[in-house]
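Residues per chain are reported as follows:
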Amino acid sequence: MTITKIKNDNFLTLKLEGRLDTTTAPQLESELSENLNGVTELTIDFAELSYISSAGLRVLLATQKRMNKQGSMKLINVNEIVMEVFEITGFVDILTIE
């Protein structure tokens, strides 16, 4: 998975490309833990993400809980395959998806 980071003051955007699974979830978790201090608005761009597993969902849930305390988080450009996973797991009710 490739992660592209764009940070401006309190705003952070991460663009994900590839698969968010057991192998790559620690990479995203590490990127988030290193960059979320002081961030009040987090955007994760899923335009190039082709797959998400339960490991990826776990990272998103933990990140959402953290961002609830310090600001907001939203997911953008979610494709049908990933959206179906969010719908089946109930994550559509937890996450802000645009």
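Everything below is about the structure printed above this text.
To start, this report covers the structure provided alongside it.

Reading the values: rules and limits
- Residues numbered from 1 in each chain as written.
- Predicted model: local features only at pLDDT ≥ 70, side-chain atom pairs only at ≥ 80, totals over all residues.
- Heavy atoms only, no water.
- Core = buried A, V, L, I, M, F, W, Y, C linked by side-chain atoms within 4.5 Å.
- Buried < 20%, exposed > 50% of the residue type's maximum accessible area, 1.4 Å probe, protein only.
- Helix = DSSP H or I, 4+ residues; strand = E, 2+ residues; numbered from the N terminus.
- Contact = heavy atoms within 4.5 Å.
- Phe/Tyr/Trp six-rings, centres within 6.5 Å; stacked < 30°, edge-to-face > 60°.
- Arc of directions from axis to C-beta.
- Pairing = 2+ DSSP bridges.
- Axes fitted to C-alpha atoms, helices over the stretch in contact; angles between N-to-C directions.

1. Thoughts on the nonpolar core
Link 1 in the chain: If you look at the biggest cluster of nonpolar residues, it comprises 27 residues, and the most contacted ones within it are Leu42, Phe46, Ile52, Leu60, Leu75 and Phe86.
Link 2 in the chain: Of all the secondary-structure elements, those providing two or more residues to this core are β2 (11-20), α1 (25-35), β3 (41-52), α2 (54-70), β4 (72-76) and α3 (80-89).
Link 3 in the chain: Other than its neighbours up to four places away in sequence, Phe46 contacts Leu16, Ile52, Leu60, Leu75, Ile76, Asn77, Val78, Val82 and Phe86.

2. Side note on the packing of aromatic side chains
Centre distance and the angle of the planes are the two values used to describe a pair of aromatic rings.
Link 1 in the chain: For the coordinates displayed, the defined rule picks out two aromatic pairs.
Link 2 in the chain: Between Phe46 and Phe86 the ring centres are 6.1 Å apart and the planes differ by 50°, which places this aromatic pair in the tilted class. Placement of Phe46 in strand β3 and of Phe86 in helix α3 is noted, with a sequence separation of 40 residues between them. Like Phe86, Phe46 is buried.
Link 3 in the chain: Residues Phe86 and Phe91 carry aromatic rings whose centres are separated by 6.5 Å and whose planes lie at 15° to one another, so their mutual orientation is stacked. With respect to class, Phe86 is no different from Phe91; both count as buried.

3. Quick look at α1
Link 1 in the chain: Every buried residue belonging to α1 is among Ala25, Leu28, Leu32 and Asn35, and all of these are buried. For α1, the angular spread of buried residues about the axis comes to 115°, placing them on one side.
Link 2 in the chain: Where the residues of α1 are buried, they touch β1 (2-8), β2, β3 and α2.

4. Points about the sheet that holds β1
Link 1 in the chain: With mixed pairing, the four strands of this open sheet are ordered in space as β1-β2-β3-β4. Here the strands that pair on one side only, and so sit at the sheet edges, are β1 and β4. The mean angle between the axes of side-by-side strands here comes to 15°, regardless of whether they run parallel or antiparallel.
Link 2 in the chain: Sheet analysis places β2 next to β3, joined by nine bridges and oriented parallel. Directly across from Phe11, in β3, lies its bridge partner Glu41.

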